[in-house]
Structures are given as structure tokens and as C-alpha cells.
Amino acid sequence: MGREVSESCIDSLLTEMVSSYCNHFYANKPELAARRIEAIGYQVGHQLSERYTMERPRFSDHLEAIKFICKDFWSELFKKQIDNLKTNHRGTFVLQDNRFRWLARMSLDPTADDAVPQDPADFAESKAAQAMSMYLYFPCGIIRGALSNLGIPCAVSADISNLPACSFVVRIKA
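Worth saying up front: this structure is predicted, and the values here are computed from it rather than measured.

Asks: Give a detailed account of the side chain of Asp 97, specifying residues and quantitative values.
Replies: Considering the arrangement of structural elements, one finds Asp 97 in strand β2 (residues 92-97). When its relative accessible area of 1% is taken as the criterion, Asp 97 is described as buried. A polar atom in the side chain of Asp 97 sits 2.9 Å from the side chain of Trp 74. A distance of 2.7 Å separates the side chain of Asp 97 from the side chain of Lys 80, its partner in a polar contact.

Given below as C-alpha cells:
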């Protein structure tokens, strides 16, 4: 029987980590906070990938490794597979989760001056979106760390144009 941690504990850990790095350690330097949160995610992803692939043969190509992330790895982390995978067959992959668990439970204060705009085009520029994006550096790091452990150097970014849906863009480094 594998070791498991309560979802609420993970949610609380993520919330506290982002809060600590953004409001205390690097309050005036959000780019440093983002880098540190992503680095922690990288370590977690690297170790989890090691654990989940221990008894598997190495993957023969990038697509096979990305499919592993979308199916098996994501299922271990979030109890569901990625909803959609797209690629341009030139090293860019888009992993779409239509109900990303770590965003599904988040709420924003509707009375705040800078609440979420009704127009999705305006969401990306709002302070609420910037705060929400801090929570995505950790899963981006997890994906990058897992792929790095599989021998695939890459850059990972996230897009949250329609909550709680989230897209992770993986760009393989040549």
C-alpha cells in the first residue's frame, strides 16, 4: 500500500507556500518568489517521476514521455488524466486540464476592488490573475522536474484563461 496524503493537506501546503514566498520572503520581488516556488515543484516532480517510473523501461521518444505525464503521472497526482493533449510535432505540447484540482477550490473575494473581470480577455491583465498565476508555478515545476528526470529538458508555462480550466504549455529544449 502506497503512502498517501490528504488532498486538503496538499491544498493547505500549496496555499501556505505561495503565501509565504509572495508575502514574506520575497514580498517585493514576485519574480524571485515565482522562481523559488517553481524550483520546489521541480524537486517534487523529479522525485515523483523517479518513484513512478522505477519499474518501467526508459521512454523511446518525447511523445511517449508526455503521454506518460498525461495519463499515469497526472492520475497519480490528481486522480484523473489530462483532458486534452495537443502538439505541433515540433517540440511544443499543450496539456489541457478542464478542472484543474488546485484551481477548482480557489475563490477570489468578489468584493475586492480588482475582482475577476467578466470578459476573459481582461482576466490575464488583472491583479487577481497575477495572484492566481503564482499558484501555477508549482505544478509547472512538477511537470518540468518529471520530464527532466525522464531525460527531456523543457520549459513549462501555464495559462488560466477560463477557470478552473488550465493549460500547461511544454516546450522541449533542443
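This is not the end of the story, as more comes after the structure.
Asks: If you had to explain the sheet that holds β2 to someone new, which residues and values would you point to?
Replies: The strand order across the open sheet formed by four strands is β1-β2-β4-β3, and the pairing between neighbours is antiparallel. A single partner strand is all that each edge strand has here, and the edge strands are β1 (84-87) and β3 (154-159). Mean inter-strand twist for the sheet, computed between neighbouring axes without regard to direction, equals 20 degrees. As paired elements, β2 and strand β4 (residues 166-172) share six bridges and run antiparallel to each other. If you follow Gln 96 over to β4, its bridge partner there is Ser 167. Packing of helix α3 (residues 62-78) onto the sheet brings it into contact with β1, β2 and β4, and relative to β2 it is tilted by some 15 degrees. On top of the sheet, helix α7 (residues 137-149) reaches β3 and β4; it is set at about 155 degrees to β3, its chief contact.

Asks: Help me get a handle on the side chain of Asn 149, residues and values and all.
Replies: Secondary-structure assignment places Asn 149 in helix α7. With near-sequence residues (within four places) excluded, Asn 149 lies in contact with His 46, Ser 49, Glu 50, Thr 53 and Arg 58.

Asks: Explain the packing of aromatic side chains to me, and be specific about the residues and the numbers.
Replies: For any pair of aromatic rings, geometry is given as the distance between the ring centres together with the angle between the planes. Evaluation of the coordinates by the stated rule reveals 11 aromatic pairs. When the ring of Phe 68 is compared with that of Phe 73, the centres are 6.2 Å apart and the planes differ by 50 degrees; the resulting orientation is tilted. In this pair, the class of Phe 68 matches that of Phe 73, namely buried. In this structure an aromatic cluster arises from ring pairing among Trp 74, Phe 78, Phe 100, Trp 102, Phe 138 and Phe 168.

Asks: Explain the packing of helix α1 (residues 7-25) against helix α2 (residues 30-52) to me, and be specific about the residues and the numbers.
Replies: As a packed pair, α1 and α2 sit with axes 9 Å apart at the nearest point and diverge in direction by 150 degrees. Judged by the angle between their axes, α1 and α2 are roughly antiparallel. In this structure, α1 crosses over α2, and the sense of that crossing is right-handed. In this structure, α1 uses Met 17, Val 18, Tyr 21 and Cys 22 to contact α2, whose residues at the interface are Ala 33, Arg 36, Ile 37 and Ile 40.

Asks: Residues and numbers for unusual backbone geometry, please.
Replies: Positive phi is not limited to glycine here, since Lys 79 has a value of about 60 degrees. Checked against the element boundaries, Lys 79 lands in the loop between α3 and β1. Judged by relative accessible area, which is 55%, Lys 79 ranks as exposed. The phi torsion at His 89 lies on the positive side, around 60 degrees, for a residue other than glycine. Residue position: His 89 is located in the loop between β1 and β2. Its relative accessible area of 69% is what places His 89 among the exposed residues.

What counts, and where the lines are drawn
Residues numbered from 1 in each chain as written. Predicted model: local features only at pLDDT ≥ 70, side-chain atom pairs only at ≥ 80, totals over all residues. Heavy atoms only, no water. Helix = DSSP H or I, 4+ residues; strand = E, 2+ residues; numbered from the N terminus. Buried < 20%, exposed > 50% of the residue type's maximum accessible area, 1.4 Å probe, protein only. Polar contact = N/O pair within 3.5 Å; in protein donor to acceptor, adjacent residues only side chain to side chain. Pairing = 2+ DSSP bridges. Axes fitted to C-alpha atoms, helices over the stretch in contact; angles between N-to-C directions. Contact = heavy atoms within 4.5 Å. Phe/Tyr/Trp six-rings, centres within 6.5 Å; stacked < 30°, edge-to-face > 60°. Parallel < 35°, antiparallel > 145°, perpendicular 65-115°, else oblique. Left-handed = near helix turned anticlockwise from the far one by under 90°.

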